[in-house]
Amino acid sequence: MLPRCKFYHDCKSNAVTVVPYSKMPVCKHHFLTYIQDRVQKTIKDHALIDFENPQEKILVGLSGGKDSQTLLTILDQVFQKKVQMEALYVEVGITPKNYSRDSGIVARSLCEKLNIPFHTLTIKDDMGLDIDDIHQIGERSRKRGRRSKKGRFRGECSYCGLVKRYYINKFAYENGFTKVATGHNLTDEATQLVSNFFSVDMEMMSRAGPTTITDVKGLVPRIKPLYYIYEQELIMYSYYAKVEHLGTQCAYAVDSPMMNVKGSLIEIEKFRRGNMMNMVKKFQQKLKHILFETIPEVKKVEAECTECGMTTYLKICSFCKTKHRLQDQFSKIQPRN
Ligand SMILES: Nc1ncnc2c1ncn2[C@@H]1O[C@H](COP(=O)(O)OP(=O)(O)OP(=O)(O)O)[C@@H](O)[C@H]1O
């Protein structure tokens with residue numbers, strides 16, 4: 001049985017859980033407020049939201065999953081409409097287990113409950129392809145077991161991430177949003193950092209952080225208010241605060257290399273308690289600025305993508321290039337009439 005809550009020495013309630021990285025027993029009330037306070041602290045310490053700016057307008061990328069549903073719930077609760085906030089669900093067309101359909105239903109339902117404007121954008125309407133189609137390309141490439149002339153198939157999750165980042169940014173830019181907020185948590189970010197370290201991707205590592213404040217035209221700054229909250233804590237928060245979310249896992253995400261790195265970090269956490277928190281915090285304090293300063297400023301000349309008009313350093317942006325390659329590959333696996 002868990003002891004009394006140790007959050008305040010005079011709390012008389014029984015603990016319902018322990019804080020994962022410190023093992024402090026806490027009652028439900030103090031657990032929920034503790035998480036909310038840490039989210040507020042991240043927002044304040046990293047100036048993620050400008051409360052003085054009446055034009056500040058946040059677009060939350062809402063996936064129906066526990067992280068972004070919890071993010072929207074916490075932001076709504078702690079800021080109580082003091083800042084303009086809307087949500088966007090990107091329909092990527094994953095049909096196994098009705099994944100995308102149900103995700104959209106759950107995302108919309110939360111917005112209706114919280115009275116927050118909700119938008120949906122369907123990628124197939126613009127790209128002519130969705131993630132089911134991209135999966136077919138992947139299946140064909142895996143069956144053939146060799147690199148196509150046009151390069152290696154990077155995995156469904158990689159394309160899904162690229163597509164979502166592109167459309168969320170485009171929607172935010174075209175509709176006057178000043179920030180995009182996502183539900184990336186500490187476990188996601190530690191996983192990304194370690195993966196980037198494995199491939200010694202210094203540029204990607206130098207970009208890690210709760211915000212990507214940018215003055216590049218066409219790129220809306222991204223903020224991650226859950227940056228210092230463990231995934232385990234979000235699971236517990238969504239449970240105790242009864243945050244409606246979809247528990248189904250995407251059928252294409254199983255066995256991705258990132259999932260395996262994440263699993264290893266969770267294992268390490270068992271004998272190095274607080275490992276992810278320490279690593280990510282110390283990286284931010286000690287290493288990030290050193291890396292940032294050593295990156296040569298090669299990508300300086302901004303231009304408009306000749307295809308879609310979004311900002312790029314090349315003639316055609318990497319999203320449009322990837323889109324063309326996928327459209328081309330997909331046309332080859334379609335039955336001919
Ligand atoms: N379909 C989507 N539409 C809008 N935003 C999305 C969508 N999918 C993901 N996002 C945003 O990107 C973040 C990271 O997405 P990822 O696919 O890594 O999911 P996750 O870590 O499981 O998060 P969640 O639990 O919110 O689904 C999400 O928290 C959310 O803010």
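Under the annotation held in an unreviewed UniProt entry, the chain carries the name tRNA-5-methyluridine(54) 2-sulfurtransferase and is attributed to Candidatus Lokiarchaeum ossiferum.

Asker: Describe the overall build of the chain, listing the residues and the values that go with them.
Answerer: Helices and strands together make up the secondary structure of the chain, namely 12 helices and 10 strands. Based on the C-alpha atoms only, the size of the chain along its principal axes is roughly 75 × 40 × 40 Å. A total of 337 residues make up the chain; the buried ones form 32% of that total. Taking contacts inside the chain between residues at least 6 apart in sequence as the whole, the part at least 24 apart equals 70%.

Asker: Explain unusual backbone geometry to me, and be specific about the residues and the numbers.
Answerer: The backbone phi angle of Ala47 is positive, close to 45°, even though this residue is not glycine. Turning to its location among the elements, Ala47 is positioned in the loop between helix H1 (28-45) and strand S3 (57-61). A count of 12 C-beta atoms within 10 Å places Ala47 in the exposed class. Backbone geometry places Gln80, a non-glycine residue, at a positive phi of 40°. Within the element layout of this structure, Gln80 appears in the loop between helix H2 (66-79) and strand S4 (84-91). The exposure class assigned to Gln80 is exposed, which follows from the 8 C-beta atoms found within 10 Å.

Asker: Go over the packing of helix H7 (residues 186-198) against helix H10 (residues 257-271), please, and point to the residues and values.
Answerer: Axis angle and axis distance: for two packed helices, these are the angle between their axes and the distance between the axes, and together they describe the pair. Taken N-terminus to C-terminus, the directions of H7 and H10 make an angle of 110°; their axes are 9 Å apart at the nearest point. With respect to H10, the element H7 is oriented roughly perpendicular. Contact residues: Thr187, Ala190, Thr191, Val194 and Ser195 in H7; Met258, Val261, Lys262 and Leu265 in H10.

Asker: Any chance you could break down the packing of H1 against H2 for me, citing the residues and the numbers?
Answerer: It is the contact of H1 with H2, at a shortest axis distance of 10 Å, that shows an interaxial angle of 85°. Here H1 is positioned roughly perpendicular relative to H2, judged by the angle of their axes. Residues Gln36, Val39 and Gln40 of H1 lie in contact with H2, whose contacting residues are Ile74, Gln77 and Val78.

Asker: Lay out the nonpolar core with the relevant residues and their values.
Answerer: Membership of the largest hydrophobic core comes to 70 residues, with the highest contact counts inside it found for Val60, Ala87, Leu186 and Ile229. Considering each element in turn, this core owes the most residues, 7 residues, to helix H6 (residues 156-174). Residue contacts for Val60: discarding those within four places in its chain leaves Ser68, Leu71, Leu72, Met85, Ala87 and Ala181.

Asker: Describe the site of the ligand, naming the residues involved and giving the relevant values.
Answerer: Around the ligand, a shell composed of 17 residues is seen, among which Gly61, Ser63, Gly65, Asp67 and Gly183 lie nearest. The set of elements that each furnish at least two residues to the shell around the ligand consists of H2, S4 and H6. Residues belonging to the shell around the ligand are distributed by class as follows: 6 nonpolar, 7 polar and 4 charged.

Asker: Lay out H7 with the relevant residues and their values.
Answerer: In a regular helix each residue adds 1.5 Å, so 13 residues correspond to 18 Å; H7 covers 18 Å between its end C-alpha atoms and thus fits that length. Where H7 is concerned, the buried positions are Leu186, Thr187, Glu189, Ala190, Thr191 and Leu193. Buried positions along H7 lie against helix H8 (202-206), helix H9 (231-240), H10 and helix H11 (275-294). Backbone geometry just after H7 places Val200 at a positive phi near 45°.

Asker: Break down the UniProt feature "domain: tRNA(Ile)-lysidine/2-thiocytidine synthase N-terminal" (unreviewed entry) in the chain for me, with residues and values.
Answerer: This chain's UniProt record puts "domain: tRNA(Ile)-lysidine/2-thiocytidine synthase N-terminal" (unreviewed entry) on residues 57-125. When the span residues 57-125 is considered, its composition is 48% helix and 26% strand, and the gap between its end C-alpha atoms is 26 Å.

Asker: So what about the sheet that holds strand S6 (residues 179-181)? Which residues, and what values?
Answerer: In space, the 6 strands of this open sheet follow the order S5-S4-S3-S6-S8-S7, with mixed pairing throughout. Strands at the two margins of the open sheet, each flanked by one partner only, are strand S5 (118-122) and strand S7 (211-212). In the sheet, S7 pairs with strand S8 (residues 222-223) via 2 bridges, with the strands oriented antiparallel. In the sheet register, Thr211 faces S8, and the bridge partner there is Ile223. Most of the contacts of H2 go to S3, to which it runs at about 150°, and overall it touches S3, S4 and S6. Packing of H6 onto the sheet brings it into contact with S3, S4, S5 and S6, and relative to S4 it is tilted by some 140°.

Asker: Let's hear about the confidence of the model for the chain: which residues, and what values?
Answerer: For the chain, per-residue confidence averages 90 on the pLDDT scale, and residues scoring 70 or more make up 95% of the total. This prediction of the complex comes with two scores: 0.92 for pTM and 0.97 for ipTM.

Asker: Talk me through the pairing of S5; I want residue IDs and the actual numbers.
Answerer: By the bridge criterion, 5 bridges tie S4 to S5 in an arrangement that is parallel. Looking at the pairing, Ala87 lines up with Phe118 of S5. As a crossover connection, the stretch from S4 through helix H3 (residues 99-114) into S5 is right-handed.

Asker: Before we move on, can you summarise the environment of Ile290 with the specific residues and values?
Answerer: Mapped onto the elements of the fold, Ile290 is located in helix H11. By C-beta crowding, Ile290 is classed as exposed, having 9 other C-beta atoms within 10 Å. Taking the C-alpha atoms as reference, Ile290 lies 8.4 Å from Ser206; in sequence the two are 84 residues apart.

Asker: Account for the pairing of S4, with residues named and values stated.
Answerer: Here S3 pairs with S4 via 5 bridges, running parallel. Its bridge partner lying in S4, Ile58 is registered against Met85. Between S3 and its parallel partner S4, the chain crosses via H2, and the hand of that crossover is right-handed.

Definitions and cut-offs
- Residues numbered from 1 in each chain as written.
- Predicted model: local features only at pLDDT ≥ 70, side-chain atom pairs only at ≥ 80, totals over all residues.
- Helix = DSSP H or I, 4+ residues; strand = E, 2+ residues; numbered from the N terminus.
- Buried ≥ 20, exposed ≤ 12 C-beta atoms within 10 Å, placed from the backbone.
- Contact = placed C-beta atoms within 7 Å.
- Axes fitted to C-alpha atoms, helices over the stretch in contact; angles between N-to-C directions.
- Parallel < 35°, antiparallel > 145°, perpendicular 65-115°, else oblique.
- Core = buried A, V, L, I, M, F, W, Y, C linked by C-beta atoms within 7 Å.
- Near = placed C-beta within 6 Å.
- Nonpolar A, V, L, I, M, F, W, Y, C, P; charged D, E, K, R; others polar.
- Expected span 1.5 Å × (residues − 1).
- UniProt positions renumbered as here; feature names shortened; annotations may be inferred.
- Pairing = 2+ DSSP bridges.
- pLDDT = per-residue confidence, 0-100.
- Right-handed = clockwise from strand over helix to strand, strands pointing away.

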